[in-house]
Amino acid sequence: FLFAFSPPFYFTTTTMALEQPKLFNKWTFDDVEVNDISLEDYIAVKPKYAVYLPHTQRRYQSKRFRKAQCPIVERLVVALMFSGRNTGKKILAVNVVRAAFELIHLQTGKNPIQVYVDAIINSGPREDSTRVGAAGVVRRQAVDVSPFRRVCQAIYLMANGAREASFRNQKTIAECIADEVVNASKGSSNSYSIKSKDAIERVAKANR
């Protein structure tokens, strides 16, 4: 009965079912590229990780390394929910990221997911220093940073930089995130995360 009188409705529903989810029903994951081969497995932007909302409600923290499967935009959302008064306000964080991505698109004209992925690739320190020693004699030793930690630290530095920039400032947190991500994707030294990365690598180089 349905097929006889309304074939267009039937066809539209099947084509909708085949479409890949778009972030906020706007930004596609299909053309996003991870241009660093070492980080490909740790930046979850492949179409199989595509989501409409960065709010999947899975327990990524219950097993080691499981958060590598968390959609990469959701990891930024979670990183914003820090500093006491913001803990648990995930819907607010999602709305902030939504506004930030609109601003990134206005500033660059590109897919904001791609700009954000480029920012992560540029912001993760590749070398760090650790404490080595026994019996009271402690010195610092330069070590390579794993790709997983590079991604985690890049997201942390961007969220932290945006939070500090918007504190006691007329700029909204969404504007600060947009500026931070755009500057980091260009490798600009105006970005807090790029400055922090350079400082970490400088210290590590001195301790080789």
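That block above? That's the structure.
Conventions we followed
Residues numbered from 1 in each chain as written. Predicted model: local features only at pLDDT ≥ 70, side-chain atom pairs only at ≥ 80, totals over all residues. Heavy atoms only, no water. Helix = DSSP H or I, 4+ residues; strand = E, 2+ residues; numbered from the N terminus. Buried < 20%, exposed > 50% of the residue type's maximum accessible area, 1.4 Å probe, protein only. Contact = heavy atoms within 4.5 Å. Areas by Shrake-Rupley, 256 points an atom, 1.4 Å probe, with all protein chains shown as cover. Lys, Arg positive; Asp, Glu negative; His and termini not counted. Charge placed at Lys NZ, Arg CZ, Asp CG, Glu CD. Phe/Tyr/Trp six-rings, centres within 6.5 Å; stacked < 30°, edge-to-face > 60°. Expected span 1.5 Å × (residues − 1). Polar contact = N/O pair within 3.5 Å; in protein donor to acceptor, adjacent residues only side chain to side chain. Salt bridge = Lys/Arg side-chain N within 4 Å of Asp/Glu carboxyl O. Core = buried A, V, L, I, M, F, W, Y, C linked by side-chain atoms within 4.5 Å.

K.L.:
So what about the overall build of the protein chain? Which residues, and what values?
P.N.:
When you go through the protein chain residue by residue, the secondary structure sums to eight helices and two strands. Principal-axis analysis of the C-alpha atoms places the extent of the protein chain at approximately 85 × 40 × 30 Å. Each of the 208 residues in the protein chain was classed as buried or not, and the buried ones make up 42%. Considering only intrachain contacts with a sequence separation of at least 6, the fraction spanning at least 24 residues in the protein chain is 65%. Carbon together with sulfur atoms contributes 54% to the accessible area of the protein chain, which is approximately 12,500 Å² in total. For the protein chain, the distance from the average position of its 31 positive side-chain charges to the average position of its 19 negative side-chain charges is 8 Å.

K.L.:
Tell me about the packing of aromatic side chains, residues and numbers included.
P.N.:
To describe a pair of aromatic rings, you give the distance between the ring centres and the angle between the ring planes. Applying the stated criterion across every chain yields a total of three aromatic pairs. Each ring, one from phenylalanine 65 and one from phenylalanine 148, has its centre 5.2 Å from the other, and the planes form 70°; the classification is edge-to-face. Separated by 83 residues along the polypeptide, phenylalanine 65 in the loop between helix H2 (7–18) and helix H3 (72–80) and phenylalanine 148 in helix H6 (residues 147–166) bring together distant segments of the chain. With a relative accessible area of 44%, phenylalanine 65 lands in the partly exposed category. Look at phenylalanine 101 and tyrosine 116: their rings are 6.1 Å apart centre to centre, the planes differ by 55°, and that puts the pair in the tilted class. Placement of the pair is phenylalanine 101 in helix H4 (residues 90–108) and tyrosine 116 in helix H5 (residues 112–123), with a sequence separation of 15 residues. Following the ring pairs from residue to residue traces out a cluster consisting of Tyr42, Phe65 and Phe148.

K.L.:
How would you summarise H6 if you had to cite specific residues and measurements?
P.N.:
With 20 residues, H6 extends 29 Å from end C-alpha to end C-alpha; this agrees with the ideal 28 Å at 1.5 Å per step. The buried fraction of H6 amounts to 14 of the 20 residues, a majority that puts the element mostly inside the structure. Immediately beyond the C-terminal end of H6, within one or two residues, lies arginine 168, with a positive phi of roughly 55°.

K.L.:
Could you give an account of the side chain of aspartate 36, with specific residues and numbers?
P.N.:
Position of aspartate 36 among the secondary structure elements: in the loop between H2 and H3. A residue is classified by how much of its surface remains accessible, and aspartate 36, at 17% relative accessible area, is buried. Engagement of the side chain of aspartate 36 in a polar contact is seen with the side chain of serine 38, the distance being 2.7 Å. Look past the residues within four positions of aspartate 36 in its chain and what remains in contact with it is Ile121 and Arg150.

K.L.:
Residue-level account of the pattern of salt bridges, with values.
P.N.:
Per the counting criterion, the structure on display carries six salt bridges. Close ionic contact of arginine 150 with aspartate 36 constitutes a salt bridge, the shortest N to O distance being 3.3 Å. Residue arginine 150 is found in helix H6, and its partner aspartate 36 is found in the loop between H2 and H3; the two are separated by 114 residues along the sequence. Take arginine 150: its relative accessible area is 10%, and that puts it in the buried class.

K.L.:
Any chance you could break down the nonpolar core for me, citing the residues and the numbers?
P.N.:
Among the nonpolar cores identified, the biggest contains 45 residues, and Ile43, Ile72, Phe101, Ile113, Tyr116 and Ile120 are the most heavily contacted of them. Those elements that provide at least two residues to this core are H3, H4, H5, H6 and helix H7 (173–186). Among residues more than four places away in sequence, those in contact with isoleucine 43 are Val34, Ile72, Val117, Ile120, Ile121 and Val151.

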